[in-house]
Amino acid sequence: MNAPAACLFDLDGLLLDTEPCHARAWREAARNFGLELTERQLLALRGRRRLDNVEQVCRWIEASGRNVPDGQTLMAVQQPIARRLLPEALAMPGAPQLLERCHELAVATALVTSSSRESLAIKTAGHPWLEQIDLRVLGDDPQLEAGKPAPDPFLLAAQRLGVNPGDCWAFEDSPAGALSAEAAGCRVHVLLPPGLGVEERDRLYPGDCSFLDSLHEVPLS
Ligand SMILES: [Mg+2]
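Residues numbered from 1 in each chain as written. Predicted model: local features only at pLDDT ≥ 70, side-chain atom pairs only at ≥ 80, totals over all residues.

Assigned domains within the protein chain: domain 1 (6-17 + 91-217) and domain 2 (19-87). A C-alpha centroid distance of 23 Å is found between domain 1 and domain 2. With 20 residues of domain 1 at the interface, the matching set in domain 2 holds 13 residues. Within the residue set of the side of domain 1 that touches domain 2, elements represented by two or more residues are helix H6 (117-124) and helix H8 (175-184). The element contributing the most residues to the side of domain 1 that touches domain 2 is H8, with 3 residues. For the side of domain 1 that touches domain 2, the per-class residue count stands at 5 nonpolar, 8 polar and 7 charged. (Domains from an automatic or database assignment. Contact = placed C-beta atoms within 7 Å. Helix = DSSP H or I, 4+ residues; strand = E, 2+ residues; numbered from the N terminus. Nonpolar A, V, L, I, M, F, W, Y, C, P; charged D, E, K, R; others polar.)

Within the largest apolar cluster, 57 residues are counted, with the highest numbers of intra-cluster contacts made by Leu8, Phe9, Phe154, Ala170 and Cys186. Each of domain 1 (6-17 + 91-217) and domain 2 (19-87) gives at least three residues to this core. When neighbours within four sequence positions are excluded, Ala170 is seen to be in contact with Leu8, Phe154, Ala181, Cys186, Arg187, Val188 and His189. (Core = buried A, V, L, I, M, F, W, Y, C linked by C-beta atoms within 7 Å. Buried ≥ 20, exposed ≤ 12 C-beta atoms within 10 Å, placed from the backbone.)

Here the focus is the sheet that holds strand E5 (residues 187-191). With respect to topology, 6 strands assemble into an open sheet ordered E3-E2-E1-E4-E5-E6, the strand pairing being parallel. Each edge of the open sheet is held by one strand with a lone partner, namely strand E3 (135-137) and strand E6 (210-212). Strand-to-strand twist across the sheet, computed as the mean angle between neighbouring axes with direction ignored, equals 25°. The pairing of strand E2 (residues 108-112) with E3 spans 3 bridges and is parallel. Paired with Leu111 across the two strands is Arg136, which belongs to E3. (Pairing = 2+ DSSP bridges. Axes fitted to C-alpha atoms, helices over the stretch in contact; angles between N-to-C directions.)

The next point concerns unusual backbone geometry. Between Lys148 and the following residue, Pro149, the backbone shows a cis peptide bond with an omega angle of 15°. In this fold, Pro149 is placed in the loop between E3 and helix H7 (152-161). Even without glycine at this site, Ala106 takes up a positive phi of about 60°. Inspection of the secondary structure puts Ala106 in the loop between helix H5 (95-104) and E2.

The α-helix winds at 3.6 residues per turn, so residues separated by three or four positions along the chain end up facing the same way. With 9 of 10 residues buried, H8 is to be regarded as a mostly interior element. Buried-residue contacts for H8 involve helix H2 (39-45), H7, strand E4 (168-172), E5 and helix H9 (198-204). At the C-terminal side of H8, Gly185 shows a positive phi close to 95°.

Another aspect to go through is the pairing of E5. Counting buried residues along E5, 4 of its 5 residues qualify, which places the element largely inside the surrounding structure. Pairing analysis gives 4 bridges linking E4 to E5, with the strands arranged parallel. Across the sheet, the residue bridging to Glu172 is Val190, located in E5. With H8 bridging E4 and its parallel neighbour E5, the resulting β-α-β unit is right-handed. Where E5 and E6 come together, 3 bridges link them in parallel fashion. For Val190, the partnering residue across the bridge sits in E6 and is Phe211. Each parallel crossover has a hand, and the one from E5 via H9 to E6 is right-handed. (Right-handed = clockwise from strand over helix to strand, strands pointing away.)

This part takes up the environment of Val68. For Val68, the position within the fold is in the loop between helix H3 (50-63) and helix H4 (71-85). With sequence-adjacent residues up to four places away left out, Val68 is seen in contact with Cys58, Ile61 and Glu62.

This brings us to the packing of helix H1 (residues 19-31) against H3. Between H1 and H3, the least distance of the axes is 11 Å, while the angle of their chain directions is 40°. Of the possible angle classes, the one that applies to H1 and H3 is oblique. Along this stretch, H1 crosses H3, giving a crossing that reads as right-handed. In contact with Trp26, Ala29 and Ala30 of H1, H3 contributes Asn53, Val57 and Ile61. For the contact of H1 with H3, the residue count by class is 5 nonpolar, 1 polar and no charged. (Parallel < 35°, antiparallel > 145°, perpendicular 65-115°, else oblique. Left-handed = near helix turned anticlockwise from the far one by under 90°.)

Below, the structure is given as structure tokens:
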């Protein structure tokens, strides 16, 4: 049997295809203050908590020599776009089947996401298949000191499940998420964002990740 003690799942870009929505919202928000975000900058925002991203985008706006908005002003542009688009996001291919497989094999599951409780509710309303996940560690969890790329979210999930992080498989798409899971000691499976070359992949992600082109490839049996 090739099965871990638990599977720890990221949400955005891993179980749900929400990253195009986030990218559009951040791009339009930054553009509103004169900055055109690059694909690499958008990839760097993936997987992190909203407030951490607000600070990062403000730093990029400042570095470009433009007037920096305060965080709330930036959010006032970003949030309505995200809220409008996110409920439409579909499941990533193979995600419902992977959760079902965990369930069949009695492998414990956790959602380890930087999303807040409010944001999670918006994204998951149309996806009842996500309710079979055993527990959740959210970005605004009161017990969480630091978000991804710090190891804290994966460590907290393993602790709550009562398993050793080293016996867990973590599923991530973002560099920040993969670094977080690796630092926690998990075995990391990365669902690669589209259009990423091998060189860039090897530069951005920890060296001992397993890379997947699809969740259908997960070797869980
Ligand atoms: Mg993600």
